[in-house]
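Chain residues, written in single-letter form:
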Amino acid sequence: MTPTRWPGLIEPASVDLVLCHAVLEVVDDPAPVVSALAGVLRPGGAADPVGSAGERDTLRRRFDVEGAAALLTAAGLTVEEIHGVRVLADLLPAAVADGQAAALVELGRGRSPRDHPGGTSRPSCTCSPAVRHDRRDRPLGWYQIPTAAPYAPTLTGLTAASGRPLTSGFPSTTPTSLVTLGTGVAPGAHGVLGFTVCLPGTERVLNHIEWRDGDPDPLRWQPVPTQLERARAAGVAVTVVSRPEFGGTGLTLAANRGGDYRGAAGVDAVAATTLAALTAGPGPTLVSAYHPDVDRHGHLSGVDSLPWRVAVTEMDGLLARLVDGLPPDAALLVTADHGQLDIPAGDRFDLDTNPRLTAGVRVVAGEPRVRYLHVAPGATADVVAAWSAVLGTAARVLTREEAVASGRFGPWPPATWTGSATSWWSATTRTPCWPVGRSRRWCPGWWPSTVRTPRPR
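Residue numbers restart at each chain and count upward from 1, following the sequence in its written direction. It should be noted that, the model being predicted, local features are given only for residues of pLDDT at least 70 and side-chain atom pairs only at 80 or more, the latter also being counted only at that level, while totals for whole chains, interfaces and linings use all residues. Note that water and hydrogens are dropped before the side-chain values are worked out from all heavy atoms of the structure.

Engineer: Before we move on, could you go through the overall build of the chain and cite the residues and values that matter?
Structural biologist: Numbering goes from the N terminus for both helices and strands, where a helix is a DSSP run of H or I of at least four residues and a strand is a run of E of at least two. Scanning the chain from terminus to terminus reveals 18 helices and 19 strands. By the burial criterion, 53% of the 457 residues in the chain qualify as buried. Residues count as neighbours in contact if any of their non-hydrogen atoms are within 4.5 Å of one another. Contacts in the chain between residues far apart in sequence, at least 24 positions, make up 73% of those at least 6 positions apart. Each accessible area is a Shrake-Rupley result for a 1.4 Å probe, and residues are judged covered by the shown protein chains and nothing else. Surface exposure of the chain reaches about 18,500 Å², of which carbon and sulfur atoms provide 55%. Only protein chains enter the calculation, and the probe is 1.4 Å; a residue is then buried if its accessible area is under 20% of its type maximum, exposed if over 50%, and partly exposed in between.

In C-alpha cells, the structure reads:
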C-alpha cells in the first residue's frame, strides 16, 4: 500500500519510523507519496526512503542526491543522512560474506550484503583492472568502458553479461576509494578523506600515496578493521597481490592489511601470482589483486591516448588469464575505484597565480577534485567569499561543517579516527584547482563519470 492511501487508516503524527523502499521510483508522482509519509511521522520520527539511481530505463524515474533531497525537503522533512546503494564500500563485504553467491545477487540488486554473517564458503578473487600507483588514480570507470571496448573484449563481455555500476565514495580519489573498498565503510567512517590531508595540529601535509615512513601510524590514522582482517579472523586464507614497492606502505596497511603481501610487477606476474594464491590450499580463500598501468597512462597521456589503449589491452589480457584459470568454484569480482575526465587547460584554476585564492590560506590540501583549505584565524568568511567569487559555478565552496552535513562523506563518527581533528573548509570543484598544474587528467569530486565504476562478475 502506498502512503497516499494511509489517510483514514493511520493517524497523523503517530508513527516513529517509516520504511519506504522501491516505491518513489515507480509511482506516478512521488511528491504526494512523500507528503503522506511525512504526515504520519511523529515529531522527531524518522523515514528511510530508498530509491534507485542509474540508467536502467525500466523504472519511471531515477534519483540523484540533489533531486532526492529536494523532494524530501519540500515535504517538510529534514535530510540528515544520504547514502548510496550498490556502492564501492559494499564490494569486499560481499566477497567475504557467507553464502557468497547470494551476497553478490543482493549487491547486483542494489542492496548491501554486508550483514551476511560469517566468512566465505568457497575460494574467491577480487581484481581491479587499474589500481593505485604512485600519484595515480583509476581512470577506467563505468563511463569509460565504451571507450575501452575496442581494446578490452574480455572486460566488455563481462560487463555486458553481468556488470553493474558501483558508486565510489567522496571525494573520488585513489586513497579514499582504496580504503573505502578495503574497509567496507564510507570515507566519513575510515577518515582517509583525500589524496593529501593536513596532519592535525601541524602544517604538514600528508600525501597518502607517498606514505612510506609509518608517520603517522597507519593503524592509528585508519583504525577501522579491513575486510581482509575480518576474513582472516574467520578462517579465510587472504592474499594481496600488487607492485613490490607498495608492500608495507601506509596506504597499503590502511586499506589492505590482513593479507599476505606478494609483490608482482607486470600483468603476467599479477595473473600467475593471483592464480597460484587462489589455488594454494583447500579452504576458503580471498585474493585481492591490483595493477596500475591503465591509471598511469590515463594521467600521463590521457584517456584514449595510444599509451592508454596499450595499457587497457594488457589489462584485458590479465583479466582473460584470470577468467581462464579461475577454479570452477571461485568468483571473480572486477572493479575500478572511480572514473576520470580529461580537463582542458583553459578550464583550470591555478592557485599560485591568483592572490585572491591564496589570501588568508595557511595550508592547501586535498587535490584538484576537492580542495581542503586551512585558513588563518578569523579569515574563514573572507576566504569563503573570495573563493566563491573567483570559482563561481565551477565549484561548491563549503565550510567543514557544511561539507560534513551534506552527507557526501557518509556517516561521520569522529571518535573512531583522528584525520578530521582540525578545521578546514572545502571547494568541491567541477573544474580542478591546484597549486601547480602537473597532470592533465583528474577526476572532479562529484561528476557521474568519475564516481561510477564497473563491477562485472
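Don't stop here, the text continues.
Engineer: Explain the packing of aromatic side chains to me, using residue names and the numbers behind them.
Structural biologist: Any aromatic ring pair is given by two values, namely how distant the centres are and how the planes are angled relative to each other. Two aromatic rings, drawn from Phe, Tyr or Trp (for Trp, its six-membered ring), form a pair once their centres lie within 6.5 Å of each other, and the interplanar angle then sorts them: stacked below 30 degrees, edge-to-face above 60, tilted otherwise. Following the criterion strictly, the structure yields one aromatic pair and no others. Note on Phe-170 and Phe-409: the rings are 5.3 Å apart at their centroids and 65 degrees apart in plane angle, and the pair reads as edge-to-face. Taken together, the positions of Phe-170 in the loop between strand S4 (165-167) and helix H7 (174-183) and Phe-409 in the loop between helix H17 (400-405) and strand S16 (425-429) put the pair 239 residues apart, joining distant regions of the chain. In terms of burial, Phe-170 and Phe-409 fall into one category: buried. The criterion is that NZ of a Lys, or CZ of an Arg, lies within 6 Å of the ring centre and within 35 degrees of the ring normal, and then a charge sits over that ring. Of note, Arg-408 hangs over the ring of Phe-170, and the distance from its end group to the ring centre comes to 6.0 Å.

Engineer: Now, about the nonpolar core: what can you tell me, with residues and values included?
Structural biologist: Definition of nonpolar core: a set of buried residues of the types Ala, Val, Leu, Ile, Met, Phe, Trp, Tyr and Cys, connected through side-chain atoms within 4.5 Å. One finds Leu-140, Leu-155, Val-294, Trp-308 and Val-312 to be the most contacted residues of the largest nonpolar core, which totals 28 residues. Mapped by element, the contributors of at least two residues to this core are helix H6 (153-162), helix H12 (267-278), strand S9 (285-290), helix H14 (306-325) and strand S10 (331-334). Among the elements that make up this core, the one with the highest residue count is H14 (seven residues). Core analysis: the next-biggest nonpolar cluster, separate from the first, contains 24 residues, Leu-181, Val-192, Val-197 and Ala-255 among them.

Engineer: Lay out the packing of helix H13 (residues 293-301) against H14 in plain terms, naming residues and giving numbers.
Structural biologist: Helix axes use the C-alpha atoms of the stretch in contact, all axes being lines fitted to C-alpha atoms, and the angles between their N-to-C directions lie in the range 0 to 180 degrees. For the pair H13 and H14, interaxial distance at closest approach is 8 Å and the crossing angle is 175 degrees. Classified by the angle between their axes, H13 and H14 sit roughly antiparallel to one another. Contacts between H13 and H14 involve Asp-293, Val-294, His-297, Gly-298 and Ser-301 on the former and, on the latter, Pro-307, Trp-308, Ala-311, Val-312, Glu-314 and Met-315. Residue polarity is assigned by list, with Asp, Glu, Lys and Arg as charged and Ala, Val, Leu, Ile, Met, Phe, Trp, Tyr, Cys and Pro as nonpolar; anything else, Gly included, falls into the polar class. The class makeup of the residues in the contact of H13 with H14 is six nonpolar, three polar and two charged. Angle categories are assigned with fixed cut-offs, so that under 35 degrees is roughly parallel, over 145 is roughly antiparallel, 65 to 115 is roughly perpendicular, and the rest are oblique.

Engineer: Pulling in residues and values, what's your account of the pattern of salt bridges?
Structural biologist: Here, a salt bridge means any Lys or Arg side-chain nitrogen found within 4 Å of an Asp or Glu carboxyl oxygen. On inspection of all chains with the given rule, the structure shows nine salt bridges. When the shortest N-O distance is used, the salt bridge between Asp-215 and Arg-204 registers 3.0 Å. Of this pair, Asp-215 sits in the loop between strand S6 (205-207) and helix H9 (218-221) while Arg-204 sits in the loop between strand S5 (196-198) and S6, placing them eleven residues apart in sequence. Exposure remark for Arg-204: the relative accessible area of 32% places this residue in the partly exposed category. Here the residues in one salt-bridge network are Arg-243, Asp-293 and Arg-296, joined through shared partners.

Engineer: Residues and numbers for the environment of Pro-218, please.
Structural biologist: By the element assignment, Pro-218 lies in helix H9. On the basis of relative accessible area, Pro-218 is assigned to the buried category, the value being 6%. Taking the C-alpha atoms as reference points, Pro-218 and Thr-249, separated by 31 residues in sequence, lie 8.8 Å from one another. Here Pro-218 is in contact with Trp-211, Gly-250, Leu-253, Ala-254 and Arg-257, once residues within four sequence places are set aside.

Engineer: Before we move on, could you go through helix H2 (residues 65-74) and cite the residues and values that matter?
Structural biologist: In an α-helix, one full turn covers 3.6 residues, which means residues spaced three or four apart are oriented alike. Where H2 is concerned, the buried positions are Ala-69, Leu-71 and Leu-72. Buried residues of H2, viewed axially, fall in a sector of 160 degrees; they line one side. Just downstream of H2 lies Gly-76, where phi reads positive at about 90 degrees. Directions from the helix axis toward the C-beta atoms define the arc.

Engineer: Which residues make up the side chain of Ser-242, and what values go with them?
Structural biologist: Topologically, Ser-242 is positioned in strand S7 (residues 237-242). On the basis of relative accessible area, Ser-242 is assigned to the buried category, the value being 4%. With residues up to four places along the chain from it excluded, the contact list for Ser-242 reads Tyr-261, Arg-262, Gly-263, Ala-264 and Tyr-290.

Engineer: I'd like to hear about the environment of Arg-309, residue by residue, with values.
Structural biologist: Along the chain, Arg-309 falls in helix H14. A C-alpha to C-alpha distance of 8.9 Å links Arg-309 and Pro-150, two positions 159 residues apart in sequence. Here Arg-309 is in contact with Tyr-151 and Asp-304, once residues within four sequence places are set aside.

Engineer: With reference to specific residues and values, describe the environment of Trp-308.
Structural biologist: Counting through the fold element by element, Trp-308 comes out in helix H14. Taking C-alpha positions, Trp-308 is 5.0 Å from His-297, a pair spaced eleven residues apart along the chain.

Engineer: Tell me about the packing of H6 against H14, residues and numbers included.
Structural biologist: Across the interface, H6 lies against H14 with an axial gap of 7 Å and an inter-helix angle of 60 degrees. Our classification of the angle between H6 and H14 gives oblique. In this structure, H6 contributes Pro-153, Thr-154, Leu-155 and Leu-158 to the contact, and H14 contributes Met-315, Asp-316, Leu-319, Ala-320 and Val-323. Looking at the contact of H6 with H14, its residues break down into seven nonpolar, one polar and one charged.

Engineer: Provide a residue-level description of unusual backbone geometry, including the pertinent values.
Structural biologist: With an omega of -5 degrees, the peptide bond between Phe-170 and Pro-171 qualifies as cis. Position of Pro-171 among the secondary structure elements: in the loop between S4 and H7. Cis geometry is adopted by the peptide bond preceding Pro-216, which originates at Asp-215 and carries an omega value of 5 degrees. Looking at the secondary structure, you find Pro-216 in the loop between S6 and H9. The phi dihedral of Ala-13 falls on the positive side, at around 50 degrees, and the residue is not glycine. Position of Ala-13 relative to the elements: it lies in the segment before strand S1 (15-21). Within the chain, Asp-304 stands out as a residue other than glycine whose phi angle is a positive 75 degrees. Counting through the fold element by element, Asp-304 comes out in the loop between H13 and H14.

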